[in-house]
Amino acid sequence: MSQKTIEAKKLKRIFGENIAVNDVSFDLHKGEVLGFLGPNGAGKSTTMRMITGNLAPTDGTAKICGVDIIEEPKRAKENIGYLPEMRPLYKEFTVNEYLRIAAEFHNVASKSINHAIEVAKEKCGLTHMSNRLIENLSNGYQQRVGIAQAIIHNPQIVILDEPTVGLDPIQIREIRSLIKEIGKEHSVILSTHILPEVEIVCDRVQIIDKGNLVFHGSIEDLKKQRRGNKIQVGMRNTPSLLTLKKYFDVTKIDHGQDGLKIVHFKNINFSLEEFVVAAVKHKWGLFHIAPHITSLEDTFVQLTKNEKVK
Amino acid sequence: MIYRIAKKELKSFFVTPMGWIILALITCAFGWNYFIGVNNYFEVMAGAIRPAERVGVTIYVGQTVYGAASFLMLFSVPMLSMRLISEERKQQTLPFLFTSPISITEIVLGKFFGLVLFLSIMVLYVFLMLTTLNIWADIDFGYLFANSFGLLLLVASFAAIGIYFSSLTSQPIIAAILSFIFAVTLFILERYFASQPNHWFSYISLMKHFQAFSRGVISSKDIIFFMLFISTFIVLTIRRLDSDRLSG
């Protein structure tokens, strides 16, 4: 696969007696958008803080474009753009002034600073707000300034901690397409609570719970997890569970929405066709049949719950 | 990098009213002292009959102005330094600095020099104000220079104390109060130990070292004292910020 931009190995962080992040390892490649999911307090932000050099890991290493963040922080940090959960904005400055400071701090060559500011503003839709004080901007616009600050030096890796919080739906769509665009050339790590966002924007997903990685794979893998051994059926004469068991490996029938039933099979290798044939033959009055897709939320809850049971 | 941070801090002073208000108030206070000094000079000197009682105009006015300046700075530096780091903590902007390719040492030094640069504006115009005496008198520039240099070192020491206390808290006001109390204590320690001039408490009093400059004496001993004093607090601040990164 293509060039690795982040290589995190067994990152661990202990706060007092509390293990916030436990042996988290992952790679990020160029041109990839990685979604970082997890319930509150799972260790998402802690992991991000460690990768960006804001927090020293108790154990483990993180390499940014091959440069160790602990050994050579300055060189490593040149490749990172980071928007923390709390927007780090100097509200007494105007958008232009603030972005200039951000560009200077990130070693943007003085000749190209003006250009960099214009590009970042255009990408984030801030051009008409150039001379407004950040303090006076609405929440959504402040968030855009935060994103502009993270991409101004054209970094290899952009790390965004819940970037769409507080934006209106149109802005969210714009920001998502912006993230996708950045993801084409660079790598993006996106932490979010909004599950559909992950599906729309990310190539790969990582779910973290109580400091441990519980799922790590492509978005396709996650979708597969969602397609289970259940079907959703609507029948006028619903047979009893015992009757159904005569023909199929059914374990349970649940009541779904709108009078539909959810039939649980023992394993995934069942045939919808056979079910339809049987339904016609025994006059069950079948009028609706569809694979029952677990919502992303359910998958998420399952994944994070399983860990708790262990 | 240090320069860029200093520039940002300096800009920060001038985009908020705080910087302007303090500059205005201090200018007003200095001007008033200067005016009183010049006014009184003739009265006092007219009354001084013996030659030993007569002093030059530079020393007389200089003492009035610089004496007031050191006292005024004691109040104003904590007001200026309080926001340096505590405000960043409060507004959660420290990650912005920590994620930039800047070391913590550079951040602290940049902030420190930004403030010192701002304070040196005041020191400079006190100097310029006193040089206007040269229009009608022949003044002692060496004396003025020693005093300005001493004042700069003194305010830099206050700034170092200020930045350290600012790094301890996320409440600027608390930082201001703490650094004010601490600076006053160090400043006047000497008074309490007047009977024991060789006590080490008396030695660490900032006033004692400033007094040498205000007599017009630039001694390397005092310069080294101020330098050590400043570096101690800078190092403490760096360590404090570094422990943020280590312990979260």
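Conventions we followed
- Residues numbered from 1 in each chain as written.
- Chains lettered and ligands numbered in written order.
- Predicted model: local features only at pLDDT ≥ 70, side-chain atom pairs only at ≥ 80, totals over all residues.
- Axes fitted to C-alpha atoms, helices over the stretch in contact; angles between N-to-C directions.
- Helix = DSSP H or I, 4+ residues; strand = E, 2+ residues; numbered from the N terminus.
- Parallel < 35°, antiparallel > 145°, perpendicular 65-115°, else oblique.
- Left-handed = near helix turned anticlockwise from the far one by under 90°.
- Contact = placed C-beta atoms within 7 Å.
- Nonpolar A, V, L, I, M, F, W, Y, C, P; charged D, E, K, R; others polar.
- Buried ≥ 20, exposed ≤ 12 C-beta atoms within 10 Å, placed from the backbone.
- Pairing = 2+ DSSP bridges.
- Core = buried A, V, L, I, M, F, W, Y, C linked by C-beta atoms within 7 Å.

Caption draft 1: Region of the structure containing the packing of helix α7 (residues 141-168) of chain B against helix α10 (residues 206-214) of chain B. Residues and elements named next belong to chain B. Where α7 meets α10, the axes come as close as 8 Å, and the angle between the chain directions of the two elements is 160°. In terms of orientation, α7 and α10 fall into the roughly antiparallel class. Crossing of α7 over α10 shows right-handed handedness. On α10, the residues touching A146, N147, F149, G150, L154 and S157 of α7 are L206, F210, F213 and S214. In terms of residue class, the contact of α7 with α10 is built from 6 nonpolar, 4 polar and no charged.

Caption draft 2: Up close: the pairing of strand β3 (residues 33-37) of chain A. All names here are of chain A. For β3, the buried fraction is high: 5 of the 5 residues fall into the buried class. By the alternation rule, side chains of β3 split into V33, G35 and L37 and L34 and F36, which are all buried. Two strands pair when backbone bridges link them, and β3 and strand β8 (residues 187-191) are joined in this way by 4 bridges, in the parallel orientation. Within β8, the position partnered with G35 by the bridge is L190. As paired elements, β3 and strand β9 (residues 204-209) share 4 bridges and run parallel to each other. Counterpart to G35 in the pairing with β9 is V205.

Caption draft 3: Local environment of the nonpolar core. Core analysis: the biggest nonpolar cluster contains 137 residues, and A:Y98, A:I152, A:L190, B:V155, B:A159 and B:A160 have the highest contact counts within it. The greatest single-element share of this core, amounting to 15 residues, is contributed by α7(B). Residues within four places of B:A159 in sequence aside, it is in contact with B:V77, B:S81, B:F112, B:L115, B:V116 and B:L119.

Caption draft 4: Examining the interface of chain B and chain A more closely. Listed as interface residues are 18 residues of chain B and, on the opposing side, 23 residues of chain A. Counting residues per element, the ones that place at least two in the side of chain B that touches chain A are α1 (2-15), α5 (94-99) and α11 (220-247) of chain B. Classifying every residue of the side of chain B that touches chain A gives 7 nonpolar, 8 polar and 3 charged.

Caption draft 5: Broad picture of unusual backbone geometry. All names here are of chain A. The phi torsion at E162 lies on the positive side, around 50°, for a residue other than glycine. Position of E162 relative to the elements: it lies in the loop between β7 (157-161) and α6 (169-185). Exposure remark for E162: the 19 C-beta atoms within 10 Å place this residue in the partly exposed category. The residue K210 is not glycine, and still its phi comes out positive at about 50°. Note that K210 resides in the loop between β9 and β10 (212-218).

Caption draft 6: Inspection of the environment of A:T304 at higher detail. All names here are of chain A. Looking at the secondary structure, you find T304 in helix α11 (residues 296-309). Considering only alpha carbons, one finds T304 and P163, 141 residues apart in sequence, at a separation of 23 Å. Not counting the four nearest positions on each side in its chain, T304 is found in contact with P39, I207, D209 and V214.

What is shown is where atoms sit, not what they do.
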